[in-house]
Amino acid sequence: MMVSGLLIYSFLSVREQEFLKIAAPLLAIGTYTFLMGSDSGIETWGYMGPVSVPLLRGLNDMSVGVLLCALVMDHVKLSEFVSLLLEIVSVILIFLGLFTDFSGEMVTVTAFLVLILSLTAGENPVSRALSENRVIAFVSNYSYTLYLNHGILVKIFQVVGKKVHIPCVIGVYLVLLIIYSLITKKIVDTICGILFREKA
């Protein structure tokens, strides 16, 4: 995940437009086509020849996030009716994809992407309320840190989870993940601040 983030940052620093218009869309189409064609679906691990599938997934997911961000920053706006309609349909499809056999993974993934876009580019009361919510703002600020750290704690809790009641484990896991992420982000921000201040 860290390697994926560094690679994308490097691409954007050197060839931003080529990455946004060519590399990222091709990566998303190719990765999702490969994952949906495999027996394991999105949760595919291991290697595909010399290529690490987790690295490919990380590159793909972050690239899609960059594309969505670029759309919003380019002032793509959705009307109140369209954004609200997309949000309702997306939530229904996500619910069906997660809790029933009605739709497949590709539908669920697409619904998540549409939901994110409609929430960030939409002009309806739900979008505005979420954009002004302090909890959402906090999660947005620490989402990458949480993403990087969750795998470390998962390994530990996979052992503990076999002996403790699952809801309890999940609750403790989330609390520790947030605390750990707060600490690590503060350390990284401090180190980066010192390094960049010295270069300046």
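Just so you know, these numbers come straight off a predicted model, no measurement behind them.

Thresholds applied
Residues numbered from 1 in each chain as written. Predicted model: local features only at pLDDT ≥ 70, side-chain atom pairs only at ≥ 80, totals over all residues. Heavy atoms only, no water. Helix = DSSP H or I, 4+ residues; strand = E, 2+ residues; numbered from the N terminus. Contact = heavy atoms within 4.5 Å. Buried < 20%, exposed > 50% of the residue type's maximum accessible area, 1.4 Å probe, protein only. Axes fitted to C-alpha atoms, helices over the stretch in contact; angles between N-to-C directions. Parallel < 35°, antiparallel > 145°, perpendicular 65-115°, else oblique. Left-handed = near helix turned anticlockwise from the far one by under 90°. Nonpolar A, V, L, I, M, F, W, Y, C, P; charged D, E, K, R; others polar. Phe/Tyr/Trp six-rings, centres within 6.5 Å; stacked < 30°, edge-to-face > 60°. Lys NZ or Arg CZ within 6 Å of the ring centre and 35° of its normal. Expected span 1.5 Å × (residues − 1). Salt bridge = Lys/Arg side-chain N within 4 Å of Asp/Glu carboxyl O.

Regarding the environment of Pro-25
Here Pro-25 is to be found in helix H2 (residues 16-37). C-alpha separation for the pair Pro-25 and Leu-93, spaced 68 residues apart in sequence, amounts to 23 Å. Those residues in contact with Pro-25 that lie beyond four places of it in its chain are Phe-19, Leu-20 and Leu-67.

A few points about the environment of Ala-70
One can find Ala-70 in helix H3 (residues 53-73). Accessibility expressed as a relative area gives 17% for Ala-70, which makes it buried. Once the C-alpha coordinates of Ala-70 and Cys-192 are considered, the two residues, 122 residues apart in sequence, prove to be 25 Å apart.

Observations concerning the packing of helix H1 (residues 2-14) against H3
In helix packing, the relevant descriptors are the interaxial angle and the interaxial distance, both defined with respect to the helix axes. Across the interface, H1 lies against H3 with an axial gap of 8 Å and an inter-helix angle of 45°. One finds that H1 runs oblique with respect to H3. Here H1 runs over H3; the crossing is right-handed. Where H1 abuts H3, its residues Val-3, Ser-4, Gly-5, Leu-7, Ile-8 and Leu-12 lie against Leu-55, Gly-58, Leu-59, Met-62, Ser-63 and Val-66. Among the residues making up the contact of H1 with H3, the classes are represented as eight nonpolar, four polar and no charged.

Quick look at the packing of aromatic side chains
For any pair of aromatic rings, the description rests on two quantities: the centre-to-centre distance and the angle between the ring planes. Tallied over the entire structure, the rule returns one aromatic pair. The residue whose ring lies beneath Lys-185 is Tyr-142, and the NZ or CZ to ring-centre distance is 5.2 Å.

Observations concerning H2
Taking 1.5 Å as the rise per residue, H2 with 22 residues should run 32 Å; its terminal C-alpha atoms sit 30 Å apart, in good agreement. Restricting attention to buried positions, one finds in H2 the residues Phe-19, Leu-20, Ala-24, Ala-28, Thr-31, Tyr-32 and Leu-35. On its buried face, H2 sits against H1, H3 and helix H5 (105-121).

Thoughts on the pattern of salt bridges
One pass over the structure, following the stated rule, counts one salt bridge. Between Lys-185 and Asp-189 there is a salt bridge, with its nearest N and O atoms 2.8 Å apart. You can see Lys-185 and its partner Asp-189 sitting in helix H8 (residues 166-199), four residues apart, about one turn around the helix. You can call Lys-185 buried: its relative accessible area is 17%.

What about the side chain of Asn-60?
Take Asn-60: it is sitting in helix H3. Those residues in contact with Asn-60 that lie beyond four places of it in its chain are Leu-27, Ala-28, Thr-31 and Tyr-32.

Details of the packing of H2 against H3
Relative orientation of the contacting elements H2 and H3 amounts to 135°, with a least axis distance of 9 Å. Accordingly, the angle class assigned to the pair H2 and H3 is oblique. In this structure, H2 meets H3 at a crossing whose hand is left-handed. Along the contact surface, H2 presents Phe-19, Leu-20, Ala-24, Pro-25, Leu-27, Ala-28, Thr-31, Tyr-32, Phe-34 and Leu-35, while H3 presents Val-53, Leu-56, Arg-57, Leu-59, Asn-60, Asp-61, Ser-63, Val-64, Val-66, Leu-67 and Ala-70. Looking at the contact of H2 with H3 residue by residue, the class counts come to 16 nonpolar, three polar and two charged.

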